Amino acid sequence: MARRSALLFLGLASPAMLICSWSSGFIAELCFILLVMAFPAALITLAVARHGLGPLKVPLAGLIIILEVGGVTMLVLRGQVLEGPWFGAFPVAASIQIYGLWLGPLLLVALAYGLTFDRWELPEEDLRRFNARRSGSDGDNKE
Amino acid sequence: MISPVNPIVVGSAVIYLALVTAVGIWAAGRTNSAKDFFIAGQNIGWIVTAFATMSAAFSGFVFMGGPGLMYSVGVASLFICIPVGFTSGLLCWVVGKRLRLLAGLKEIYTVPDIILCRYRSRRASGLAAVAVIIGTIGYLGAQLQALGILIEMVFGTRALLGELSLPAAMILGSVVVVFYATAGGMVAGVYTDVFQGLLMVVAAVLIFFYALRSGGGLEAMSRSIISSEAFGPNHLDPFGTLPVMTAVGFFFVFAVGLLGQPHMLHKFFMLKDPRTLKWMPLVIGLTQSACVLIWLGIGLAVPALVAQGRMAALANPDRAAPQFLLEFTPGILAGLVFAGVLAAIMSTADSFLNIGSAAIVRDLPKALGRQVRDELLWGRIAVVGLAVFSAVFAYFYKDLIALIGTFAFGTFAAALAPAVAIGLNWSRVGATAATASIATGMVVNLGLEFLSKQTIWEWLPSAPLKMGVLPAAVSLAASFTVLLALTWLSPASHKPDLDPDVDFVMNL
């Protein structure tokens, strides 16, 4: 289900981004941001959701929320550097870009990968099957 | 303005160049086969691989092009580098494990090898090799241009040689990088990458804090920039100086397009043990983020110093980083950072020399049904040819380093990312869809880039794009569209005939 949804999203988002590229105005910009920010999470879902998303549901939802909310907020705050509030030494839109879009996903994504690696990305059983196949293929292909 | 030659900076540069030359000589004795030359014998540990991946990805583009672009367009330029927060995870999840496992079962040295293995199509693999060669010329050209600018500033050759200074400096830098790339191949490449990666991280962190101090702190720099006439408030607005389509297009190309970058994908083939992928995203993400501090630090400090009247406005934005280092940092720190920047440039250049030569002597002949007899020898010859061609291209293309880099990154992204990233995760994608996607990405990107830059033939139309839309973003989206549409349009009963090993790995 998650894989199908990811494929459907990717299939619709790619041409929709092309349409946005030849359109103008706030709606086209907003759509472009929404599509671009969800694209990485859709690719990850396609890759990891062979048996559902398992423990990756929360970090992937977190990634989508950070990127989507950050992107849209920056768009809404466009042109308000002088009158808007400041946070962490920058006007708020720039601080969302730096602290939110850059530093926000850094530990979330990397830790999610490392902490779920042994039971979700490459479990012992998969590794054992791979090693068995590799031993069998040594004479045929390489190594 | 050309700053006087600083003996400490010159000394650091000379020591650095001597060290990497020594690594090349050491590695030459350990390079005995094509497997050693192209994938370091598939015997590399995860720390080395992580640093090699990071330092190959980060280059003159980040260390010199980045601050230059930030000087020109402000924080909008950060959309190129902020995806590093999640791209290492994206890379490992989407392609990393499958690339490494496939390289353990089949003889895979290159991205076109992967395409050939996955799709069993010499046409798709040959097109991928052409894309790799074109992108390599652009990327390598950007590195050699950055190397030339850096060397001429360090050694002060402009005062001596005038207009000949840049080509002379490009030749000097190219000779060193070509030497260790031809002698030691990927063995030299990955070990110099570790040394270079460490140097890059230390240099970037130190210079970030020094830049903050020079400019009076982050907030003082921000306020100087927005209140100056030269830069103004838009400089610190993420969508202030560039159209949304350009800024977010950068984000799209540099986040998703990463999945088609051969210099990064290539590193997964070398990894000794697939289990060590576990902490690679953390190490790559943290070290890349540390390196991006130089983009942010110098990128803010230089416009702030110009706004404060403490530095002259720059005629060439690409000189932001070296000019700052020469004018505002103590000799010893400038020396360390110059060595770090040299490291960043050379580590990427040597990766591309290796990848490009593999495309010329392995992938293209394979796609044409031929095999080069002595791949090691011809690989070394191809390295020299590529370096010369790329340097000439960059010298005459005459664009900012970051923009040449964007073109090259975009070429790889549009041509290779969909076929690799979707193809390794969806068994229904067939050779026809992959071939069409690679051709679309390459032709659209080259075509749009050519039409938007060329001024020779006046009768040719300009690129049919709205202002601010990136050719690379359009071509990447088009390439995904073609791959997915053709796959869906193919009859469900027509499932591609997968290699059993590929099928096995795709189902793990």
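Counting of residues starts from 1 at the beginning of each chain's written sequence and follows it residue by residue. For naming, the first written chain is A and the first written ligand is 1, with later ones following in the order written. With the structure being a predicted model, the display of local features is reserved for residues of pLDDT at least 70 and the display and counting of side-chain atom pairs for 80 or more, all residues being used for whole-chain, interface and lining totals. Water and hydrogen atoms were dropped before computing side-chain values, which therefore reflect all heavy atoms in the structure.

Asker: I'm lost on the overall build of chain B in this one. Help?
Answerer: Helix and strand content of chain B: 20 helices and zero strands. With respect to the principal axes defined by its C-alpha atoms, chain B has extents near 70 × 55 × 50 Å. Burial status follows relative accessibility: with a 1.4 Å probe on protein chains alone, a residue under 20% of its type maximum counts as buried, one over 50% as exposed, and anything between as partly exposed. Within chain B, the fraction of its 508 residues that count as buried is 69%. Contacts: residue pairs with any heavy atoms within 4.5 Å of one another. Pairs at least 24 apart in sequence give 85% of the contacts found in chain B among residues at least 6 apart. Only the protein chains shown count as cover for residues, and all accessible areas are computed by the Shrake-Rupley method using a 1.4 Å probe. Here chain B has roughly 15600 Å² of accessible surface; of this, 67% comes from carbon and sulfur atoms. The distance from the centre of the 29 positive side-chain charges to the centre of the 23 negative ones in chain B is 7 Å. By the criteria applied, helices consist of DSSP H or I runs no shorter than four residues and strands consist of E runs no shorter than two, each listed in order from the N terminus. Only four residue types enter the tally: Lys and Arg on the positive side, Asp and Glu on the negative side; His and the chain ends are excluded. A single reference atom marks each charge: NZ on Lys, CZ on Arg, CG on Asp, CD on Glu.

Asker: What is the right way to look at the overall build of chain A in this model?
Answerer: Summing up its helical and strand segments, chain A has five helices and two strands in all. Starting at the N terminus, the α and β elements of chain A follow one another as α-α-α-β-β-α-α. For 143 residues, the compact-globule estimate of 2.2 N^0.38 gives 15 Å, and the C-alpha radius of gyration of chain A, at 20 Å, exceeds that figure by more than 25%. Dimensions of chain A, computed from C-alpha atoms along their principal axes, come out at roughly 70 × 35 × 30 Å. Scored against the burial criterion, the 143 residues of chain A give a buried share of 50%. In chain A, 64% of the contacts between residues at least 6 apart in sequence involve partners at least 24 apart. Atoms counted for the radius of gyration: C-alpha only. Globule rule: 2.2 Å times the number of residues to the power 0.38.

Asker: Quick question: what am I supposed to make of the interface of chain B and chain A here?
Answerer: It is common to give the size of an interface as the accessible area lost on bringing the parts into contact. Taken together, the contact between chain B and chain A spans 76 residues of the former and 75 residues of the latter. Summing both sides of the interface, chain B and chain A together bury roughly 6900 Å²; the carbon and sulfur share of this comes to 75%. Within 3.5 Å is the distance limit for a polar contact, defined as a pair of N or O atoms, with the added protein rule that one can donate a hydrogen and the other accept it, and that residues adjacent in sequence qualify only through two side-chain atoms. In this structure, the connection of chain B to chain A is made through twelve residue pairs in polar contact (both at pLDDT 80 or more). When residues of the side of chain B that touches chain A are traced back to their parent elements, those giving at least two are helix H5 (84-105), helix H10 (218-226), helix H11 (244-256), helix H13 (280-307), helix H19 (471-489) and helix H20 (500-506) of chain B. Ranked by residues supplied to the side of chain B that touches chain A, first place goes to H5 of chain B with 15 residues. Looking at side-chain class alone, the side of chain B that touches chain A contains 52 nonpolar, eleven polar and 13 charged residues. Throughout, the accessible surface (probe 1.4 Å) given up by two parts as they are put together, summed over both, is called the buried area. Side-chain classes are defined by residue name, with Ala, Val, Leu, Ile, Met, Phe, Trp, Tyr, Cys and Pro counting as nonpolar, Asp, Glu, Lys and Arg as charged, and the others, Gly among them, as polar.

Asker: What is the right way to read unusual backbone geometry from this model?
Answerer: Among all residues except glycine, the phi angle is most often negative; among peptide bonds, the trans geometry is most common. Of note, the phi angle at alanine 89 of chain A is positive, near 75 degrees, even though the residue is not glycine. Residue position: alanine 89 of chain A is located in the loop between strand S1 (86-87) and strand S2 (90-91). Classification of alanine 89 of chain A by relative accessible area gives buried; the value is 14%. A positive phi is found at arginine 120 of chain B, a non-glycine position, where the angle reads about 50 degrees. Topologically, arginine 120 of chain B is positioned in the loop between helix H6 (111-119) and helix H7 (122-155).

Asker: Whenever I open this one, the environment of asparagine 445 of chain B confuses me. Can you help?
Answerer: Residues and elements named next belong to chain B. On the secondary structure map, asparagine 445 appears in helix H18 (residues 431-453). Accessibility expressed as a relative area gives 1% for asparagine 445, which makes it buried. Distance in space between the C-alpha atoms of asparagine 445 and alanine 478 is 9.7 Å, their sequence separation being 33 residues. Setting aside residues no more than four positions away along its own chain, asparagine 445 makes contact with Phe407, Gly410, Thr411, Thr440, Pro471, Ala472 and Ser475. Among the polar contacts listed, one links the side chain of asparagine 445 to the side chain of serine 475, at a separation of 3.3 Å.

Asker: Quick question: what am I supposed to make of a nonpolar patch on the surface here?
Answerer: A patch consists of residues exposed above 30% relative accessible area that lack any salt bridge, with like charges linked at up to 9 Å and nonpolar side chains (Val, Leu, Ile, Met, Phe, Trp, Tyr) linked at up to 5 Å. Here, a salt bridge means any Lys or Arg side-chain nitrogen found within 4 Å of an Asp or Glu carboxyl oxygen. A surface patch of nonpolar side chains, about 360 Å² in accessible area, is lined by Leu107, Leu111 and Leu115 of chain A together with Leu286 of chain B. Looking at the nonpolar patch, the element that brings in the most residues is helix H4 (residues 92-121) of chain A, giving three residues. Secondary-structure assignment places leucine 111 of chain A in helix H4.

Asker: Honestly, H6 of chain B in this entry has me stumped. Any pointers?
Answerer: Given 3.6 residues per helical turn, the α-helix brings residues three or four places apart onto the same face. Residue and element names in this part refer to chain B. Within H6, eight of the nine residues are buried, leaving the element largely enclosed by the surrounding structure. All of the buried residues in H6 are Val111, Pro112, Asp113, Ile114, Ile115, Cys117, Arg118 and Tyr119. N-capping of H6 is provided by threonine 110, with a side-chain oxygen placed 3.1 Å from the backbone N of aspartate 113. Just downstream of H6 lies arginine 120, where phi reads positive at about 50 degrees.

Asker: Explain the confidence of the model for chain B here, please?
Answerer: Detail in the predicted coordinates should be disregarded across regions flagged by low pLDDT. All names here are of chain B. In the predicted model, chain B carries a mean pLDDT of 86, and 92% of its residues have values of at least 70. Confidence of the predictor at the level of single residues is captured by pLDDT, which takes values from 0 to 100. Taking the mean pLDDT of every element in chain B, the minimum, 62, falls on helix H2 (residues 34-39) and the maximum, 96, on H19. In the model output, the complex is listed with pTM 0.89 alongside ipTM 0.94.

Asker: Whenever I open this one, the side chain of serine 214 of chain B confuses me. Can you help?
Answerer: All names here are of chain B. Mapped onto the fold, serine 214 is located in helix H9 (residues 165-215). Looking at serine 214, the relative accessible area reads 10%, which means it is buried. Excluding residues that lie within four positions of it along the chain, serine 214 makes contacts with Leu305, Arg310, Phe324 and Phe328.

Asker: Whenever I open this one, the confidence of the model for chain A confuses me. Can you help?
Answerer: Taken residue by residue, chain A gives an average pLDDT of 91. The fraction at 70 or more is 95%. Ignoring residues within four places in sequence, the model shows residues 139-143 of chain A, a span with pLDDT below 50, making 17 contacts including any to other chains.

Asker: What exactly am I supposed to notice about the nonpolar core here?
Answerer: Note that soluble globular proteins tend to have their nonpolar side chains buried in a common cluster. Among buried residues, the Ala, Val, Leu, Ile, Met, Phe, Trp, Tyr and Cys ones that are joined through side-chain atoms within 4.5 Å form a nonpolar core. Residues Leu43 of chain A together with Val95, Phe324 and Ile422 of chain B are the most contacted members of the largest nonpolar core, which totals 236 residues. Apart from residues lying up to four places away in sequence, phenylalanine 324 of chain B is in contact with Ile207, Ala211, Ser214, Ile298, Ala301, Val302, Leu305, Met311, Arg319 and Thr329 of chain B.

Asker: Sorry if this is basic, but what is going on with the pattern of salt bridges here?
Answerer: Pairing between side chains becomes possible if they bear opposite charge and their charged atoms approach one another. Applying the stated criterion across every chain yields a total of 15 salt bridges over all chains. One salt bridge connects lysine 278 of chain B with aspartate 118 of chain A, and the closest N-O pair in it is separated by 2.6 Å. Within this pair, whereas lysine 278 of chain B is found in the loop between helix H12 (262-270) and H13, its partner aspartate 118 of chain A is found in helix H4, the two belonging to separate chains. With relative accessibility at 21%, the residue lysine 278 of chain B sits in the partly exposed group. Looking at aspartate 118 of chain A, the relative accessible area reads 44%, which means it is partly exposed.

Asker: Mind showing me how you'd approach the packing of aromatic side chains here?
Answerer: The geometry of two aromatic rings is summed up by the distance between their centres and the angle between their planes. Ring geometry is summarised as follows: Phe, Tyr and Trp rings, the Trp one being its six-membered ring, pair when their centres sit within 6.5 Å, and such pairs are stacked at plane angles under 30 degrees, edge-to-face over 60 and tilted between the two. Inspection of every chain in the model, using the stated rule, returns 19 aromatic pairs over all chains. On the numbers, 5.6 Å between centres and 50 degrees between planes, the contact of tyrosine 113 of chain A with phenylalanine 117 of chain A is tilted. Of this pair, tyrosine 113 of chain A and phenylalanine 117 of chain A both sit in helix H4, separated by four residues, roughly a single helical turn. Phenylalanine 117 of chain A matches tyrosine 113 of chain A in its accessibility class, with the two residues each being buried. Their ring planes at 10 degrees and their centres at 5.6 Å tell us that phenylalanine 352 of chain B and phenylalanine 412 of chain B sit as a pair that is stacked. Placement of phenylalanine 352 of chain B in helix H15 (residues 331-367) and of phenylalanine 412 of chain B in helix H17 (residues 401-421) is noted, with a sequence separation of 60 residues between them. Linked through ring pairs, Phe9 and Phe39 of chain A together with Phe252 and Phe480 of chain B together constitute an aromatic cluster. Sitting above the plane of the tryptophan 86 of chain A ring, arginine 223 of chain B keeps its charged end 3.8 Å from the centroid. Counted as over-ring charges are cases with an Arg CZ or a Lys NZ within 6 Å of the ring centre that also lie within 35 degrees of the ring normal.

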